[in-house]
Amino acid sequence: MKRALFFVALFIAAVFAFRAITRTAVIPTAMSMISTTPAVRPYAPHPYYSRTDTSRVVLPDSVWKRVLPEVVYDVARQGNTERQFTGKYWNHDGNGTYFCAACGNALFRSDAKFAASCGWPSFFEPVRRNSVTYHSDFSYGMVRTEVQCGRCGAHLGHLFEDGPQPTGKRYCMNSAVLDFEPDTGQR
Ligand code: FE
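The structure reproduced in this document is the subject of the present report.

Definitions and limits used
Residues numbered from 1 in each chain as written. Predicted model: local features only at pLDDT ≥ 70, side-chain atom pairs only at ≥ 80, totals over all residues. Pairing = 2+ DSSP bridges. Helix = DSSP H or I, 4+ residues; strand = E, 2+ residues; numbered from the N terminus. Axes fitted to C-alpha atoms, helices over the stretch in contact; angles between N-to-C directions.

Let us look at the sheet that holds strand β2 (residues 106-109). Two strands in a sheet stick together by hydrogen bonds in their backbones, pointing the same way (parallel) or opposite ways (antiparallel). Read from one edge of the open sheet, three strands run β2-β1-β9, paired in antiparallel fashion. Of all the strands in the sheet, the pair left with one neighbour each is β2 and β9 (178-182). On average, each strand axis in the sheet is tilted by 30° relative to the strand beside it, whichever way the strands run. Sheet topology note: the strand β1 (residues 96-100)/β2 ladder contains three bridges and is antiparallel. Within β2, the residue paired with T97 across the bridge is R109.

Structure follows, in structure tokens:
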């Protein structure tokens, strides 16, 4: 009888010990997932942002609206254009890379940036051929080529044929959808 009671007590103790262990183990694991996802440099403003993953990001508009700052959302997902000479990069200088502010995709290098008088940051070529995609835009009674981020489809700006050599292209971009990261040692 005493032996049976001992085993019952042992079983109850084991159940409580198991519950205590799982309770303390599960919560820190979930917390650490939140704080370390995704593991990208130099920062990750939302879980779909990455400067290393170039795979396509397709999200419903409701998610973009939740994870993007309003100023980024308005340009990236609504196709709005910032007022000329107001963006942070139209006359910005320095060696580094310009990333998509919506998803982290590398878009342009500073050595492809030129001093355009249009009031928006302008580049003569993207960092990779598929960094951006091109789409016909017939809005406002004009025929233009819209430039979107090749990873997330964010509206970036338009492409014009009046740029400098060697390409003759002018990627006229919105500062709001760009993030500049200086090269190492340039901070
Ligand atoms: Fe993007």
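What follows is about the pairing of strand β5 (residues 132-137). With six bridges joining them, β5 and strand β6 (residues 144-149) adopt antiparallel strand pairing. By the bridge assignment, V132 is partnered in β6 with C149. The hairpin formed by β5 and β6 contains six residues between the paired strands, and Y140 there has a positive phi angle of roughly 55°.

Cis peptide bonds are those with omega within 30 degrees of zero, and the linkage from Q165 to P166 qualifies with 20°. Within the fold, P166 resides in the loop between β7 (155-160) and β8 (170-173). In this model, F85 sits at a positive phi of 65°, which is unusual for a non-glycine residue. Among the secondary structure elements, F85 is positioned in the loop between α3 (70-76) and β1.

Our next topic: the sheet that holds β7. The six strands are arranged β3-β4-β8-β7-β6-β5 in an open sheet whose pairing can be described as antiparallel. Of all the strands in the sheet, just β3 (113-114) and β5 have a single pairing partner and so form its edges. The sheet contact formed by β7 and β8 spans four bridges and is antiparallel. The residue of β8 that forms the bridge with G157 is M173.

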